Amino acid sequence: MPKMIASRLLRLVLTLLTVSFATFVMVNVLPGDAINALIPIDAQQDQEFVEQVREEWGLNDPMLVRYGRWLGDAVTGDLGDSIVTGQPVTAEITHRLPITLEIMFVAVGLSLLLAVPLGVFSAYREGKRPDRVISGFAQLGLSMPVFVTGLILIYIFALKLNWFPATGWNRLSNGLGPNLKTVALPAMSLAITEAAVYTRVLRSDMIITLKENYILSARAKGLTDRFVLFRHGLRPSLLTLVTVVGLSVGTLIGGTLVVEFLFAIPGIGKRIFSAIYQRDFMMVQGITVLITAFYVIINTLVDVAYMVVDPRIRRTN
Amino acid sequence: MSESAALDVAEHQPTGDGDSVSAGRVASVLVVLKQMPWLTKFCVTWLILLVSAAIFADVIPGLANPDYQGFIFGDGKTNDGPSARHWLGTDNVSRDILARLIYGARVSLIFAVSGVAVGVTVGCILGSISGFLRGFVDTSVMAFVDVMLSFPALVGLLFVTTLLEARGLFILCAVTAIFVWPRFTRVGRATAITVSGQDFVSAAKAIGTSRRRILLREILPNVFPAVLAYGLVSMAILIILESTLSFLGLGVEIPTASWGGMIAQARQDLLINVWPAIWPSVTLLLTVYSFNNLVDWLRAQTAVRSAAV
C-alpha cells in the first residue's frame, strides 16, 4: 500500500513536469514574441533598448535554460513575474484563487444537495413515474451548456426578478450576505449540469445496492423505507459518486472559466483569459501549471482514498 | 402490441437461403425502431432534419443569405419579429435568424464530426495496439494519454487559437483533435484488453497466427464498435465545446454564423429582444439533448440484447 501511494506520487510529479514543460514549449514555439508585450511597438525602433530588455528578461537564452530557471524558481513557489503588469504571478494567483475555489466548492455542494435526494428517490422508485421524471430532467440537465444555463439564470433572476446581481463579485471580507449573493448564480449555473451527472451515477449504483439481501433483511425487520435508504443503502452506493466528483473537477475548471467570463468575476479563469489575450506568457504558464496540479492532486487523493476504502482495489492493482 | 409486431415479422420472415438472413435482419431492425419511444423518435427526426438542413443549406429555396443585413439596404428591420420573409425574425443587425441557425448547424456538425472521426481513428488503432501488446508500448502510450488528460483542454484550446489568430474552421478542428484523441484511446485500450482475453484470441494464438494478423483481424474489428459508441457520446460534448468557444469569441471568426456566436451577440440586447438568444439556445439544447437521448436508447438496446444472449 505505501508502495502504491509512492508510485502515485511519482506519477503526479512526472505529470506536472511534463505539463509544465509542454506549456513552456507551446508558449515559445507558437507565433507571438514576448517582446511585444514588454515594449510598445513604437519603442521597438530602438534596437539597443530592445536588446537590453531581452537580456534583462533572459529572452536570449536557449529554451531549456529558461525552462530550468523557471522550474528552479517554481519549486520555491515563485512562478515569475507577469510580463504585462510586472507583478509576481504567485501573488496574483493567491489573490484570485479563493474566488474560483469558492465558486467551485459551492457548485459541488449545491450539486450534491440536489443530486443525493434525487438519485436515491429515483432508484427507490425505479421505472415508476417519479424515476422517469427525474431521469428525464437529468438527461435535460446534461444537455445544458454552462453558458446557456448561466444566461437563463441571469435573465430570470437578475434582469427580470432583480434578486441577484448579473455581474461582479463581493469578496467574503465584504460580509457573507453580499458574497453569497454574487456566488449564487455562477455556482447554480455550474451545479445544474453537475447535479444531473451525479444523480445518474448515484441512481444506477443505488439500484444495484437496493437488490442486495441486507436491504431485504432490513426491510423485513420493519425499518422505515427512509431509514433503509439513507442508513443502509446510501453509503455502499457512494463509491462511484466520489470518483465522479473527483473527476468532475476537470470539467468544473473549464466551466468556472466560462462562468467567470459570463458573470465578469475576477477569478483565475478570467485572469488566464485576459493573460492569453495579452500574451502574458508567464501568467499563462503559471496558471496552467496550477490548474493541472490541482486536477492531478485531487485525482491522486481520490485514487488513494479509493484504495483505503475498498481493499479489493488494492489487490487488483 | 410490440409482441404482436414481432410475431408479424417472424411470420413474414422467409427462411432458407442467404438472402433471407439480411431480410430478417432488416425486419428485426424495423421492429426495434417501431418500439422506439416517441421521444427518441422525435430526437432522431430532429437530428435528421438538422443534418439535411446543414448539408443542403446552399440550395434550400427561399433561405435568406445568413450575412445579409437588410437594414443597410433599406429592406429589413433589426430585432424584427417572425414574418413570412423571416420565419424566426431577425437579429440585432437585421440578419435572418433561421438562415444563421442553419449555417451555424454546419459549423457545429463539421466540428463535432471531424473531432469524432479523428478520435475514433486514433482511439481504435492506438488503443488496440496498446491494449493488445501491453508491456512497454502500453505503459508509454498511457503515460502520454494521462498527461494529455490532465492538461486543461479548454485553456490549451483558447491559447492555441488566440495565438494562431487565423481561426478558420479547419484550424479549429485540427487544434481540437489534439485534445480529443486521448479519451478515445483510453476507451479503445480498455476494450482491447477485454477482447484480448477472449477465447477466439487465444485460439488464434494457439494456431500460430501472427500478432499483426490478430491485431488487424481479431482485435481491431471488435474494438471499433465500442469506440464508435463513445464517439456518439462525444458528439454532444463537442457540439457544446464548439458553441462555448464561439460564445467566448474564440470559435470560427465572425461573421460566420455559429450558435454560440449568435447567443453571445444576442446577449448584449437581452432586455430589448430576447428571441435572438432563445432560438439558438433552443436549437443547441435540442441538438445536444437529441444526441444524449439517442445514446441512452442505444445503450439500453444493447444492454437488453446482451442480457438476452
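*Asks:* When you look at the overall build of chain B in this model, what are you seeing that I'm missing?
*Replies:* Secondary structure summary: chain B contains 11 helices and zero strands in total. When the helices and strands of chain B are placed in sequence order, the string is α-α-α-α-α-α-α-α-α-α-α. Expressed as a percentage of the 309 residues in chain B, the buried residues total 40%. Counting only contacts in chain B whose residues sit at least 6 apart along the sequence, the fraction spanning at least 24 positions is 68%.

*Asks:* Looking at this structure, I do not really get the overall build of chain A. What am I missing?
*Replies:* Within chain A, the secondary structure is distributed over 14 helices and zero strands. Beginning at the N terminus, the succession of helices and strands in chain A can be written as α-α-α-α-α-α-α-α-α-α-α-α-α-α. Taken across its 317 residues, chain A has 36% of its residues classed as buried. Partitioning the intrachain contacts of chain A with sequence separation of at least 6 by distance along the chain shows that 71% fall at a separation of at least 24.

*Asks:* I keep staring at the packing of helix 9 (residues 213–220) of chain A against helix 10 (residues 225–233) of chain A and nothing clicks. Help me out?
*Replies:* Any two packed helices are characterised by how steeply their axes cross, that is the angle between the axes, and by the distance between the axes. All names here are of chain A. Interhelical geometry of helix 9 versus helix 10 gives an angle of 145 degrees and a closest axis separation of 10 Å. The two elements helix 9 and helix 10 cross, and the hand of that crossing is right-handed. Of the residues in helix 10, those touching helix 9 at Tyr 214, Ile 215, Ala 218 and Arg 219 are Val 228, His 232 and Gly 233. Along the lines of polarity and charge, the residues of the contact of helix 9 with helix 10 split into four nonpolar, two polar and one charged.

*Asks:* What am I meant to see in unusual backbone geometry here?
*Replies:* Even without being glycine, A:Asn162 reaches a positive phi, approximately 60 degrees. Take A:Asn162: it is sitting in the loop between helix 7 (146–160) and helix 8 (176–210). Note on A:Asn162: 9 C-beta atoms within 10 Å, which makes it exposed. If you check the backbone angles, B:Arg134 has positive phi at about 55 degrees while not being a glycine. One can find B:Arg134 in the loop between helix 4 (97–133) and helix 5 (135–150). B:Arg134 sits in the partly exposed class, given 14 other C-beta atoms within 10 Å.

*Asks:* Looking at this structure, how should I read the interface of chain B and chain A?
*Replies:* Contacts between the two partners involve 32 residues from chain B and, on the opposite side, 32 residues from chain A. Elements with a minimum of two residues in the side of chain B that touches chain A: helix 5, helix 6 (153–164), helix 9 (211–247), helix 10 (259–267) and helix 11 (275–308) of chain B. Element by element, the count of residues in the side of chain B that touches chain A is highest for helix 11 of chain B, at nine residues. Of the residues that constitute the side of chain B that touches chain A, the class distribution is 22 nonpolar, seven polar and three charged.

*Asks:* Just checking my understanding: could you explain helix 12 (residues 268–277) of chain A for this structure?
*Replies:* Because each turn of an α-helix spans 3.6 residues, side chains separated by three or four positions end up pointing in the same direction. Residue and element names in this part refer to chain A. The element helix 12 is largely enclosed, with a buried count of eight among its 10 residues. Along helix 12, the residues that are buried comprise Ile 268, Gly 269, Lys 270, Arg 271, Ile 272, Phe 273, Ala 275 and Ile 276. Looking at the residues trailing helix 12, positive phi occurs at Arg 279, about 60 degrees.

*Asks:* Help me out: how do you make sense of helix 5 of chain B in this one?
*Replies:* Compared with an ideal rise of 1.5 Å per residue, which puts 16 residues at 22 Å, helix 5 of chain B spans 23 Å between its outermost C-alpha atoms and is within 8% of the ideal. Three or more residues of helix 5 of chain B are buried, namely B:Val145, B:Val147, B:Met148 and B:Ser150.

*Asks:* What should I look at first to understand the nonpolar core in this one?
*Replies:* Side chains of a nonpolar character, in soluble globular proteins, are inclined to be buried together. Of all hydrophobic cores here, the largest spans 137 residues; its most connected members are A:Ala107, A:Leu202, A:Val258, A:Ile272, A:Val284, B:Leu158 and B:Ile263. Ranked by the residues each element gives to this core, the list is headed by helix 4 of chain B, at 17 residues.

*Asks:* It is not clear to me how the packing of helix 7 (residues 169–196) of chain B against helix 9 of chain B should be interpreted in this structure. Could you clarify?
*Replies:* Residues and elements named next belong to chain B. At a minimum axis distance of 9 Å, the contact between helix 7 and helix 9 shows a crossing angle of 140 degrees. Regarding the angle of helix 7 to helix 9, the classification is oblique. Handedness of the helix 7/helix 9 crossing: right-handed. Across the interface between the two elements, Phe 184, Val 187, Gly 188, Thr 191, Ala 192, Val 195 and Ser 196 of helix 7 pack against Ile 219, Asn 222, Val 223, Ala 226, Val 227 and Tyr 230 of helix 9. Its residues placed into classes, the contact of helix 7 with helix 9 shows nine nonpolar, four polar and no charged.

*Asks:* Before we go on, may I ask you to explain the confidence of the model for chain B in this structure?
*Replies:* Atomic detail in the predicted coordinates should be set aside for any region of low pLDDT. Residue and element names in this part refer to chain B. Taken over all residues, the pLDDT of chain B has a mean of 82, while the share at 70 or more is 90%. Mean pLDDT per element in chain B: helix 1 (residues 2–12) is the minimum at 42, and helix 4 is the maximum at 92. Low pLDDT, under 50, characterises residues 1–18; the stretch is placed with 13 contacts to residues that sit more than four places away or in other chains. Note on the complex model: pTM 0.84, ipTM 0.83.

*Asks:* Whenever I open this one, the environment of A:Ser217 confuses me. Can you help?
*Replies:* All names here are of chain A. Tracing the sequence through the fold places Ser 217 in helix 9. With 12 C-beta atoms counted inside 10 Å, the residue Ser 217 sits in the exposed group. Taking the C-alpha atoms as reference, Ser 217 lies 9.9 Å from Val 228; in sequence the two are 11 residues apart.

*Asks:* How should the environment of B:Ile193 be read in this particular structure?
*Replies:* One can find B:Ile193 in helix 7. Expressed as a C-alpha distance, the spacing of B:Ile193 and B:Met142, which sit 51 residues apart in the sequence, is 13 Å.

*Asks:* What exactly am I supposed to notice about the environment of A:Glu126 here?
*Replies:* Topologically, A:Glu126 is positioned in the loop between helix 5 (89–124) and helix 6 (129–142). With residues up to four places along the chain from it excluded, the contact list for A:Glu126 reads A:Asp131 and A:Ile207.

Cut-offs applied
- Each chain has its residues counted from 1, running along the sequence as written.
- As a convention, the first chain written is A and the first ligand written is 1, with the rest following in written order.
- Owing to the predicted nature of the model, reporting of local features is limited to residues with pLDDT of at least 70; listing and counting of side-chain atom pairs is limited to 80 or more, with chain, interface and lining totals taken over all residues.
- The secondary structure listing takes helices from DSSP runs of H or I that are at least 4 residues long and strands from runs of E that are at least 2 residues long, numbered from the N terminus.
- Exposure in this text rests on C-beta crowding, where 20 or more other C-beta atoms within 10 Å of a residue's own make it buried, 12 or fewer make it exposed, and counts in between make it partly exposed. The C-beta atoms are placed from the backbone.
- Here, residues touch in the contact sense if the C-beta positions derived from the backbone fall within 7 Å of one another.
- Orientation is described by lines fitted to C-alpha atoms, with helices fitted over the stretch in contact, and by angles between N-to-C directions that extend from 0 to 180 degrees.
- Two helices cross in a left-handed way if the nearer one is turned anticlockwise from the farther one by less than a right angle. They cross in a right-handed way if the turn is clockwise.
- Any residue outside Ala, Val, Leu, Ile, Met, Phe, Trp, Tyr, Cys, Pro, Asp, Glu, Lys and Arg is labelled polar, Gly included; the first ten of those are nonpolar and the last four are charged.
- Each helix should span, by expectation, one fewer than its residue count multiplied by 1.5 Å.
- Among buried residues, those of type Ala, Val, Leu, Ile, Met, Phe, Trp, Tyr and Cys that are joined through C-beta atoms within 7 Å form a set called a nonpolar core.
- Angle categories are assigned with fixed cut-offs, so that under 35 degrees is roughly parallel, over 145 is roughly antiparallel, 65 to 115 is roughly perpendicular, and the rest are oblique.
- The pLDDT value expresses, per residue, how confident the predictor is, ranging between 0 and 100.

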